[in-house]
Amino acid sequence: MSEPTKGFPLPSSLEIVPGTEAAQAAYPYYCQFHEGDDERFWFYNSMHFPEPMHHFDMITAEAAYCALGSFNTRVHVLPTTKGIDHRIINGRVFIGGVAVTDPAEIEARAKEFQQRAFYYYEHWEDLYAQWKEKMKALIADAQALSKPSLPDLEPIETTHTGKGVAANHDLIDTYRKTLEGYFRMWHHHFEFLLLGYGAYLTFFDFCKKAFPEISDQAISRMVAGMEAEIFKPDEEVKRLARRAVELGVDDRFHDGMVIDDVLQALDQLGENGKAWLQELETSRNPWFNVNVGDGFYHYHRSWNDDLSMPFAALPGYIAKVKAGATIERPMERLIEERQALIADYRDLLDTDEDRATYDQLITLAHRVFPYVEGHKFYCEHWYTNLFFNKIREFGALLRDHGFWEKEEDVFNLTHYELESAIIDLMLAWSSGSDPIGPRVWPAKVAERKAAIKAWAGHVVPPALGQVPDVIDDPAIVMLWGITRESLDVWLSDGEGDSNELKGFAASSGVVEGTARVVRSVEEINRLQQGDILVCQVTNPTWAPIFQKISAAVSDIGGSMSHMAIVAREYGLPAVVGTGSATQKIKDGQRIRVDGGRGTVTILEEERVLEDA
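For clarity, every value in this text was computed on a predicted model and none was experimentally measured. (Residues numbered from 1 in each chain as written. Predicted model: local features only at pLDDT ≥ 70, side-chain atom pairs only at ≥ 80, totals over all residues. Heavy atoms only, no water.)

Student: Sorry if this is basic, but what is going on with the pattern of salt bridges here?
Tutor: Once the charged atoms of two side chains with opposite charge are near each other, the side chains can pair. All told, the structure shown has 42 salt bridges when counted by the stated rule. Two residues, K132 and E229, come together in a salt bridge whose shortest N-O distance is 2.8 Å. Of this pair, K132 sits in helix 4 (residues 124-144) while E229 sits in the loop between helix 7 (216-221) and helix 8 (232-247); the two residues are 97 residues apart in sequence, bridging distant segments of the chain. Take K132: its relative accessible area is 23%, and that puts it in the partly exposed class. Residue E229 is classed as buried on the basis of its relative accessible area of 11%. Measuring nitrogen to oxygen at the nearest pair gives 3.7 Å for the salt bridge that ties R597 to D594. A relative accessible area of 13% places D594 in the buried class. Here the salt bridges do not stand alone but share partners, grouping K232, E236, R239, R243, E246 and E279 into one network. (Salt bridge = Lys/Arg side-chain N within 4 Å of Asp/Glu carboxyl O. Helix = DSSP H or I, 4+ residues; strand = E, 2+ residues; numbered from the N terminus. Buried < 20%, exposed > 50% of the residue type's maximum accessible area, 1.4 Å probe, protein only.)

Now the structure itself:
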C-alpha cells in the first residue's frame, strides 16, 4: 500500500477569520481565491508581505506582479516560466508561478528570449545608465506633484489667466498621476531584475554541474564584495559616527536618546554642533530616503520621516570608532576571497571550452549584480516613500473634511475606494453640499482596523495545494528560496530532530547565542548586543543593527535574497529559508547557527526574558 501524497492545505479549506468577512470581501475580486485554484500550488509570500496587508497597501502586490508578469511573459519572454498570480486571504498574500510545460511553446519562447534578453546582456551598462536616468526623472515627477487641497473659493488668478479648470479637478489629476507613476515604477523595477537573477542562476547551474561538491554559498561568495547603492545609507551612518568623534560631539549620542532633544542641543552647541547637523543634511539627501521595511507597507516610514533607525546605530558605531575598531564592510577580504574562489574553481575545469564558458558566465554575473541590489534604493525605497506620503496627504485632506479621524486611516481603503472618496469630495465641493463619505467610511475603517488586528494573530500555512515536481522560476528559487527540496523539508514538519532546522547556508560561521524573535520592524529595538536575530525576513536597511547581532536566521529567503547578500557583505553568519524559525524558536532560547551547513540547533528549552 503506497503512502498518501503529502501536500499543504487546499485554498478552499482555508477559513476566513470569524468577524472579518466584510474586510476580506473588500479586497478586489481578482485577488480572492476562486474555483480551480485548488489545482495549483501557492506559497505564502512572507518575504515581501510578512504582516497582514492594509487594503490600500495591496496595490504594492498588484502593481509589482503586473510588471513582473509583463516582463517575464511578454517582454523578455522567459522560456519556461511566465508571471506570478496572487491571491489574498486574511490579509496574507499567496503567490503561484505560471510555468510553461509544452515543449513546442518552450522552444518558440526560447528563440524570442535569445534575441531579447541577450540584447540587454550585451548592452547592460548603457541600458542600466539609461535606467537610472529614467528613475531619477520619475522621482522628480513625483516630487513635483502638488499637495492636494481645496480652497473655499477659486483664486482670482483662475479667472485672470483664463485657466478654465477649477481646483477640484487637480485632486483627481494628482491622484491618477500618483497611481500611474507607481505602476510605472514597478515596470522599471522589473526591467532588469529577472535577467539579473537569470544570469546568476545560469552561472549557478554551470558550477553545480562542473563541480558537484561545490556549496551554494561558495558560488554566492564569487559575487560578494560588490558595490551597490543600497549599502550607501548604512555607510552614511558610519560616516556620521566618525564625524561625531572628529568634531567632539560624540557624547551627545547614547541609547535611549530623544532625537529631537539631541538635534536641538547640537544646534545650540556652537560651530561643531552645527557642522555635524550639516553633515546629517548631506546624508539625508538622498541616502536617508530608505524605509525601515522593504517598502511594501505604508507604515514602514523612511529614515527621513523617522530618524530612529540611523540614530539607534550611532552609539554603537561611535563606541567602535573610539575603540579603534573598524566599522567598514570587509571589502578587501571579500574581494580577495572572491578572486581566490574564482581562480581555484577555474583551475579544476578540464577544457578550454569549459574555462571560456566559466569566464563568460562569472563576468556576466558580476555585471548584473549592481542592479540586482542597487535598484531597491530607487524603487522600493525612494520612490515608494514619495508614493505613500502623497497618499498620506490625501488622507489628511479627507480627514479635514470629516471622512475619518486620522490621515493614516486612508490606508484602510482600496485604491479604487480612495478614488471614489476623492470624487465624492470633488462633487460636494462643486455643488456646495456635504460629502457622503463621512457617513460611510468611519464604520468601515473601524471594521478593517479590527480585521488587521485579528489577522495578525492568525497562524498562516507556508504554502497551499499540491507541491509541483519542478520549480524553475529564477525569482522563486533565487529570491524566495522555494525549491522542491525546501518544500519537502517544510512538509516533514515534526519528523526527524525537532531541535534542528535546515535552510540555505547564506553566510558562513558558527555562533551560539540567545535567540531574539523579531516579528516586525517595530520590535527591532528589543535586540541586545550579541543576540541572534530570528525573523521572517529582513532587508538591507536593517544593516545598521547588524553591528549588534552575532548571527541571523530567517523563515524565508534564498541564496540571493537580500538578507543572504547583506549577511555575506557584513561577514555575519546566517541561515535563510528555514520555513518556520519564528514559530519553532522561542524568544530567549539558546541556539547554534551554522551558516556554512545551513542549520540552526535549539540548545535549550525556552527561557523567557524579562525585557522580551
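Student: Explain the pairing of strand 11 (residues 590-594) here, please?
Tutor: In the case of a regular strand, side chains alternate between the two sheet surfaces. As paired elements, strand 7 (residues 510-518) and strand 11 share five bridges and run antiparallel to each other. The residue bridging V510 from the neighbouring strand is D594, located in strand 11. Pairing geometry for strand 11 and strand 12 (residues 599-602), over four bridges, is antiparallel. Bridged to D594 within strand 12 is T599. Count of turn residues in the strand 11/strand 12 antiparallel hairpin: four residues, of which G598 carries a positive phi of about 75°. (Pairing = 2+ DSSP bridges.)

Student: How do you make sense of the sheet that holds strand 6 (residues 504-507) when you look at a structure like this?
Tutor: To summarise the sheet geometry, strands pair through backbone hydrogen bonds and adopt either a parallel or an antiparallel arrangement. In space, the eight strands of this open sheet follow the order 5-12-11-7-8-9-10-6, with mixed pairing throughout. A single partner strand is all that each edge strand has here, and the edge strands are strand 5 (500-502) and strand 6. Between one strand axis and the next, the sheet turns by 30° as a mean value, whatever way the strands run. Note: strand 9 (residues 551-554) against strand 10 (residues 574-576), two bridges, orientation parallel. Note that in strand 10 the partner of A552 across the bridge is A574. Across the sheet, helix 18 (residues 562-570) lies against strand 6, strand 9 and strand 10, angled at about 40° from strand 6, the strand it touches most. (Axes fitted to C-alpha atoms, helices over the stretch in contact; angles between N-to-C directions. Contact = heavy atoms within 4.5 Å.)

Student: Is there a simple way to explain helix 9 (residues 259-269) in this structure?
Tutor: Buried residues of helix 9: I259, V262, L263 and L266, and no others. Around the axis of helix 9, the buried residues are gathered within 95° of arc, so they sit on the same side. Pointing more than 90 degrees away from the buried face of helix 9 are the exposed residues D260 and Q268. On its buried face, helix 9 sits against helix 10 (271-284) and helix 11 (308-322). G270 occupies a position one or two residues after helix 9 and carries a positive phi of about 115°. (Arc of directions from axis to C-beta.)

Student: Sorry if this is basic, but what is going on with helix 4 here?
Tutor: Side chains of residues three or four places apart in an α-helix project in the same direction, reflecting 3.6 residues per turn. In this model, helix 4 (21 residues) spans 30 Å end to end at C-alpha, consistent with the 30 Å of a helix rising 1.5 Å per residue. For helix 4, the full list of buried residues reads W124, L127, Y128, W131, M135, L138, I139 and A142. The buried residues of helix 4 all sit within an arc of 120° when viewed along its axis, so they share a single face. Turned more than 90 degrees from where helix 4 packs its buried face, D126, D141 and A144 sit exposed. Lining the buried residues of helix 4 we find helix 3 (103-122), helix 6 (167-210) and helix 13 (352-400). (Expected span 1.5 Å × (residues − 1).)

Student: Honestly, the sheet that holds strand 1 (residues 42-44) in this entry has me stumped. Any pointers?
Tutor: Read from one edge to the other, the open sheet built from four strands follows the order 2-3-1-4, with strand pairing classed as antiparallel. Strands at the two margins of the open sheet, each flanked by one partner only, are strand 2 (81-89) and strand 4 (463-464). In terms of strand pairing, strand 2 meets strand 3 (residues 92-99) through seven bridges, oriented antiparallel. Considered in strand 3, the bridge of I84 is made with G97.

Student: Would you take a moment to explain the pairing of strand 7 for this structure?
Tutor: The buried fraction of strand 7 amounts to seven of the nine residues, a majority that puts the element mostly inside the structure. With four bridges connecting them, strand 7 and strand 8 (residues 532-535) associate as parallel partners. Bridging from a neighbouring strand, V518 pairs with C535 of strand 8.

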